[in-house]
Amino acid sequence: MASAQAMGQGEQDHFVLKSGHTIPAVGLGTWRAGSDSAHSVKIAITEAGYRHVDTAAQYGIEKEVGKGLKAAMEAGINRKDLFVTSKLWCTDLVPDKVRPALQNTLKDLQLDYLDLYLIHWPFRLKDGAHMPPEAGEVLEFDMEGVWREMESLVKDGLVKDIGVCNYTVTKLNRLMRSANVPPAVCQMEMHPGWKNDKIFEACKKHGIHVTAYSPLGSSEKNLAHDPAVEKVANKLNKTPGQVLIKWALQRGTSVIPKSSKDERIKENIQVFGWEIPDEDFKVLCSIKDEKRVLTGEELFVNKTHGPYKRASELWDHED
Ligand code: NDP
Ligand code: 1BO
Ligand code: 1BO
């Protein structure tokens, strides 16, 4: 992490969660990181200074990520200084599968606890569901029952914090009504091309920390080539990637850019000790035609049989 001296006033290299635990402001994303992820995770931690790694059972690379974490610890990094997030996949979104799913994740990651365990998407999929799903493969999930199991993982010391991803304000309010342990983190798609203000404001109201995923617009809509982003980057003598990551930090979110390239992994955490001035921040905020990159359509929409016949239904018509 950046040293205090290298950081500007009011700048934070971590955020404090409701629980009192801290989350490092920049983490390494690992979706589609492939078989190189052991190497990427090790380099990120030991050479670039990352202390936060975001992964998920669904990414199919937890064993690789685990090897990278192990190599970093063998190189002298303490487990307690790392922040590791994983996620409960949709096929395990039933109360009696929560703990076995977490235990598999811990085994693959070679860890005895996670810092953060998230519900990956708030839709249950039948085992072996297709993409797009066939009739009967997308099911309602027992949000209260699953959350009680997530809470028991905290109580038993298997995870330090729990949270959600891809929630709407509607779903968040429902969860807040029944939760004994409120979600510490809500992880959502956020970048200048999709600011996602509604859920951001709702999280602020509840004191829930937000992590911005796909901060570069993911590989589908790489905003590093957006003219407004390039212009600000040139002006500040930074790279477009750094400007996008800094934009997320200045909004008050932690951020988890993914790269499988050593140089970019290093570049993406050089975001301390400088600022995007107000006027440029506003320019970035005014990028037009805001749209989600990850609509969830391929995963959860069946246009004929439903239960979700269009993506807007997944987002409770809040977009
Ligand atoms: P990102 O927005 O992080 O973008 C990744 C893409 O940008 C890759 O193609 C990468 O290519 C490229 N890239 C990385 N650094 C730079 C740079 N400095 N300049 C230009 N291009 C760059 O996308 P993700 O969708 O991967 O999101 C980040 C992470 O968020 C995921 O990896 C995952 O951990 C998490 N996530 C969580 C979701 C959820 O449902 N909870 C959903 C989606 C993501 P290359 O690797 O070749 O450098
Ligand atoms: C397949 C899930 C999207 C990335 O988290
Ligand atoms: C590949 C998963 C994308 C979700 O919309």
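Here the structure is shown first, and the text comes after it.
The following refers to the structure shown.

The rules behind the values
- Residues numbered from 1 in each chain as written.
- Chains lettered and ligands numbered in written order.
- Predicted model: local features only at pLDDT ≥ 70, side-chain atom pairs only at ≥ 80, totals over all residues.
- Heavy atoms only, no water.
- Buried < 20%, exposed > 50% of the residue type's maximum accessible area, 1.4 Å probe, protein only.
- Helix = DSSP H or I, 4+ residues; strand = E, 2+ residues; numbered from the N terminus.
- Pairing = 2+ DSSP bridges.
- Right-handed = clockwise from strand over helix to strand, strands pointing away.

### Topic: the pairing of strand E5 (residues 83-88)
Now for step 1: With six of its six residues buried, E5 lies for the most part within the structure.
Now for step 2: Taken together, the three bridges between strand E4 (residues 52-54) and E5 define a ladder with parallel strand orientation. Across the sheet, histidine 52 pairs through a bridge with phenylalanine 83, a residue of E5.
Now for step 3: Following the chain from E4 across helix H2 (residues 62-74) to the adjacent parallel E5, one finds a crossover that is right-handed.
Now for step 4: In this structure, E5 lies alongside strand E6 (residues 114-119), joined through four bridges in parallel fashion. The partner of leucine 88 across the bridge, within E6, is isoleucine 119.

### Regarding unusual backbone geometry
Now for step 1: The amide bond that connects methionine 131 to the next residue, proline 132, takes the cis arrangement and shows omega of 0°.
Now for step 2: Examined against the element boundaries, proline 132 turns out to sit in the loop between strand E7 (124-125) and strand E8 (138-139).
Now for step 3: Of note, the amide linkage connecting glycine 306 to proline 307 takes the cis form, showing an omega dihedral of 5°.
Now for step 4: Within the fold, proline 307 resides in the loop between helix H11 (297-300) and helix H12 (311-314).
Now for step 5: Even without being glycine, serine 214 reaches a positive phi, approximately 50°.
Now for step 6: The residue serine 214 is located in the loop between strand E11 (209-213) and helix H7 (227-236) in this model.
Now for step 7: A positive phi angle, close to 60°, is found at asparagine 237, a residue other than glycine.
Now for step 8: If you trace the backbone, asparagine 237 turns up in the loop between H7 and helix H8 (240-250).

Such coordinate-based values are descriptive only and should not be taken to indicate function.
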